[in-house]
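If you want the building blocks of each chain, they are given just below.
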Amino acid sequence: MEFSPAEKFWMNFKLYQLWRFIVLNIKILVVVGKSKRS
Amino acid sequence: MAKVVVIGAGFAGHTAALYLGSRIGRMHEVTVISNRDVFGYVPSWVWVGVGHMKPEQTIFKLKPVYDRMNVKFVHASAKEIHPDVGDQYVLGEEVGSGKDVRLDYDYLIVAPGPLLNFAGTPGLGPENGFTHSICSLPHAIKTRDAYLALCDRMKKGEQVKIVIGTGHPGATCQGAAFEYIVNVHKDLVKKGLRDKADILWLSNEPALGDFGVNGVQIKRNGIVQKSDEFIKAVFNDHGIRYQVQTGVTKVEEGKIHWQNYEGDEGTTDFDFSMLIPQFKGQPFKYIGKDGSDISAKLTNPAGFVLVDGKYGLPYPELAQTPEAWPAQYQNPTYKNVFAAGIAFAPPGPISKPFTNKNNLAIAPAPPRTGMVSGVIGRVVALNVADLITKGEMTHSERMTDMVAACIASMGDSLWDGNAVVIVMHPVVPDRKKFNNEFGRDLFTSHLEMGVSGAWMKFMLHHTFIWKFKALPGWTLIPE
């Protein structure tokens, strides 16, 4: 497997990465919240 | 008034101390005994090791935090544990004076972090060997100095060989070594020296991207992606060579000796090497009322504390038995003794173990650091508080239930840095709950690389130090 030029572009495209930053933070908080955390 | 003693002030012990202090610290006596008077934020030592972060940015003094949290702090090395009823105490040696310190307890939490077993591999380690480590702050500083000296040699035109990975067939914490190797790559690129270095990943993992947790698997657009393909792409992109299924057996100056799955023996030359050692339990003496050694009641042969797991299952059975993993981290013989973080004895490996024809077991141990340590520290602390206030435990969390998020830094720059964001659910596969060959929730598990990961890593450094300082809202930040 190699990263394609398109994948590398998106990995460094700041506006898209800002979106991913928000999405990933929400995802982690939701997943951690849904896990047992008893 | 109940007395609770916590041994250790790392991710597990410190988390436990904060929860205990906030829950019962006013009415009961909570004491932390640690041979270090500072908390060290271990995940950022990877940046210390390449000279990108000052060591003092990764530590803070424990006592002022504990003073606010109604926790007593004793700066001493625990050396003996006396767990028999009627005479339960921890004996320590005060740092500086060398005086004995006796701490009586009703409940004990053992969370001292690992013994870095450099002696398990002849020639390994920064003190009596030829390799480096980022497993403690003094080691990370020494590694940084050696790495920067290597860069100076490269600036003079010298070609060098760098080897990073694991230094024992049973080592764990491959994630930290992975972060270090990609940070070294990024740093060399920035310094314009990358063409002067041949970089090799040398690891005991069964496959690339295994990380001691049987890899990470996700589903994207209906297709299952695995971490071995992902990490292979990272290494190919960075020009990093790799050699897995390899157990390091000995190190000499400039030469690493190893064996692989096929039983072949070989050597690899190096100019600079950072290899993670095997982790063992701290060598406390466990002493009975009659003065006898009762370690076998409390620990396994590696010194890890036995808890409520099901031990001794062969790997194929263990892999199908999620309930074999402990839920409350309570010693079955001494019910008032708990273990958290690296200190508890796992029931077996998560990754498939392998023994080669020379009878050398090449098998990564299960990682119990970072988020896992923090979660267990919280569970144990809340249960101890429960026992004191209600008389029964109400909390439990197996590693087969646990979510872990890991941000593997690949350069710290907020502009052109990078990181792999890994979410594993659960940490230990549960093949009963998740109906796929991996035993994981492929929807919530996540694997992604980008600049946003570098931002997350930066954010985590600051939010976690905020949390560990118990500043306002600290309980809202997940472990």
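The structure presented is a predicted model; accordingly, all values stated were derived computationally and were not measured.

Caption draft 1: Inspection of the overall build of chain A at higher detail. A count of helices and strands for chain A gives two helices and zero strands. Split into buried and exposed, the 38 residues of chain A put 16% on the buried side.

Caption draft 2: Expanded view of the interface of chain B and chain A. Contacts between the two partners involve 26 residues from chain B and, on the opposite side, 17 residues from chain A. Counting only elements with at least two residues in the side of chain B that touches chain A, the list comes to α6 (227–238), β25 (419–424), β26 (446–450) and α10 (451–468) of chain B. Tallied by class, the residues present in the side of chain B that touches chain A amount to 11 nonpolar, nine polar and six charged.

Caption draft 3: Geometry of the sheet that holds strand β10 (residues 160–166) of chain B. All names here are of chain B. Pairing within the open sheet is parallel, and its four strands lie in the order β14-β11-β10-β18. Edge positions in the sheet fall to β14 (241–243) and β18 (272–276), since each of these pairs with one other strand and no more. Pairwise comparison of adjacent strand axes, ignoring direction, gives a mean angle of 15° for this sheet. For β10 and strand β11 (residues 197–202), the ladder comprises six bridges, and the chain directions are parallel. Paired with Ile164 across the strands is Trp201, a residue of β11. On the sheet, helix α4 (residues 137–155) packs against β10, β11 and β18 and is oriented at approximately 150° with respect to β18. Across the sheet, helix α5 (residues 174–191) touches β10, β11 and β18, and the angle it forms with β10 is around 155°.

Caption draft 4: Region of interest: the sheet that holds strand β15 (residues 246–252) of chain B. Residues and elements named next belong to chain B. Ordered by their spatial adjacency, three strands build an open sheet running β15-β16-β17, and the pairing between neighbours is antiparallel. Two strands lie at the open edges of the sheet, namely β15 and β17 (265–269), each paired on one side alone. Within the sheet, the average angular offset between the axes of one strand and its neighbour, ignoring direction, is 30°. Both strand β16 (residues 255–260) and β17 contribute to a ladder of five bridges, which runs antiparallel. Within the sheet, the bridge partner assigned to Trp258 lies in β17 and is Gly266.

Caption draft 5: Structural view of the packing of helix α1 (residues 11–24) of chain B against helix α9 (residues 370–389) of chain B. Residues and elements named next belong to chain B. Close contact between α1 and α9 brings their axes to 7 Å; oriented N to C, the two are set at 35°. α1 and α9 meet at a crossing whose hand is right-handed. Considered class by class, the residues forming the contact of α1 with α9 number 13 nonpolar, seven polar and two charged.

Caption draft 6: How the structure looks around α1(B). With 14 residues, α1(B) extends 20 Å from end C-alpha to end C-alpha; this agrees with the ideal 20 Å at 1.5 Å per step. Residues of α1(B) that are buried include every one of B:Phe11, B:Ala12, B:Gly13, B:His14, B:Thr15, B:Ala16, B:Ala17, B:Leu18, B:Tyr19, B:Leu20, B:Gly21 and B:Ile24, and no others.

Caption draft 7: Examining unusual backbone geometry more closely. Residue and element names in this part refer to chain B. Look at the link from His425 to Pro426: it is a cis peptide, with omega at -5°. Structurally, the position occupied by Pro426 is in the loop between β25 and β26. At Asn70, a residue that is not glycine, the phi angle is positive and equals roughly 60°. Using a count of 17 C-beta atoms within 10 Å as the deciding quantity, one classes Asn70 as partly exposed. The residue Tyr329 is not glycine, and still its phi comes out positive at about 60°. Among the structural elements, Tyr329 can be located in the loop between α8 (315–318) and β21 (337–339).

Caption draft 8: Spatial organisation of α9(B). Residues and elements named next belong to chain B. The terminal C-alpha atoms of α9 lie 29 Å apart, and with 20 residues this matches the ideal 28 Å at 1.5 Å per residue to within 8%. Counting buried residues in α9 gives 16 out of 20 residues, a clear majority hidden from the surface. In the stretch just after α9, Gly391 is the one whose phi turns positive, near 85°.

Caption draft 9: Local environment of the pairing of strand β2 (residues 29–34) of chain B. Residue and element names in this part refer to chain B. The buried fraction of β2 amounts to five of the six residues, a majority that puts the element mostly inside the structure. In terms of strand pairing, strand β1 (residues 3–7) meets β2 through five bridges, oriented parallel. Within the sheet, the bridge partner assigned to Val6 lies in β2 and is Val32. As defined by bridge partners, β2 adjoins strand β5 (residues 72–82) across four bridges and the pair is classed as parallel. Bridging from a neighbouring strand, Val32 pairs with Phe73 of β5.

Caption draft 10: Region of the structure containing the environment of B:Met424. Residue and element names in this part refer to chain B. Turning to its location among the elements, Met424 is positioned in strand β25. Here Met424 falls in the buried class, since 30 other C-beta atoms lie within 10 Å of it. Note: C-alpha distance between Met424 and Phe468 (44 residues apart in sequence) is 23 Å. Apart from residues no more than four positions distant in its own chain, Met424 is found in contact with Val213, Val216, Val403, Ala404, Arg440 and Ser445.

Thresholds, definitions, all that
- Residues numbered from 1 in each chain as written.
- Chains lettered and ligands numbered in written order.
- Predicted model: local features only at pLDDT ≥ 70, side-chain atom pairs only at ≥ 80, totals over all residues.
- Helix = DSSP H or I, 4+ residues; strand = E, 2+ residues; numbered from the N terminus.
- Buried ≥ 20, exposed ≤ 12 C-beta atoms within 10 Å, placed from the backbone.
- Contact = placed C-beta atoms within 7 Å.
- Nonpolar A, V, L, I, M, F, W, Y, C, P; charged D, E, K, R; others polar.
- Pairing = 2+ DSSP bridges.
- Axes fitted to C-alpha atoms, helices over the stretch in contact; angles between N-to-C directions.
- Left-handed = near helix turned anticlockwise from the far one by under 90°.
- Expected span 1.5 Å × (residues − 1).

So far we have only geometry, and geometry alone does not tell us how the molecule works.
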